[in-house]
Amino acid sequence: MLDLYGGQNEGILLESVEQMRQALHAANAKAEIIVYPDTGHTFNAYYRPNYHAESAQDG
């Protein structure tokens, strides 16, 4: 599983992301969570104002 999150997302708090990361680690799940600190929600949607090209291309 690969999850990508925007660090400035007001709908999914970083505390929740960290809880998920810890739960996945405890379950020995094959998962990676990446947080892009300078982005918000839908940062990879090129047609939206929140688009962040560098993070979207990396993701």
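Refer to the structure presented above.
Residues numbered from 1 in each chain as written. Predicted model: local features only at pLDDT ≥ 70, side-chain atom pairs only at ≥ 80, totals over all residues. Heavy atoms only, no water.

### Observations concerning helix α1 (residues 14–26)
Spelled out, the test is: Here a strand is any run of E in DSSP of at least two residues, a helix any run of H or I of at least four, and the numbering for each starts at the N terminus. Multiplying 1.5 Å by the helix residue count minus one yields the expected span of that helix.
With 13 residues, α1 extends 18 Å between its outermost C-alpha atoms, agreeing within 8% with the 18 Å of an ideal straight helix rising 1.5 Å per residue. Two residues or fewer after α1 comes N28, characterised by a positive phi angle close to 55°.

### Some thoughts on the pairing of strand β1 (residues 2–6)
As a reminder of what qualifies: Strand pairing is assigned whenever DSSP detects at least two bridges linking the two strands. A crossover gets the label right-handed when its path from the first strand over the helix to the second runs clockwise, viewed with the strands pointing away from the viewer.
Across five bridges, β1 lies against strand β2 (residues 32–36) in parallel orientation. Bridge pairing in β2 places G6 opposite Y36. Assessed by its sense of winding, the connection that carries the chain from β1 through α1 to β2 is right-handed.

### Quick look at the pattern of salt bridges
To keep things clear, this is the line we draw: In what follows, salt bridge is the name for a side-chain nitrogen of Lys or Arg lying within 4 Å of a carboxyl oxygen of Asp or Glu. Relative accessible area decides the class of each residue, using a 1.4 Å probe on protein chains only: under 20% of the type maximum gives buried, over 50% gives exposed, and in between gives partly exposed.
Applying the stated criterion across every chain yields a total of one salt bridge. For R21, the salt bridge goes to E18, with nearest N and O atoms at 2.9 Å. Residue R21 and its partner E18 are located together in helix α1, separated by three residues, close to a single helical turn. Accessibility expressed as a relative area gives 31% for R21, which makes it partly exposed. Take E18: its relative accessible area is 31%, and that puts it in the partly exposed class.

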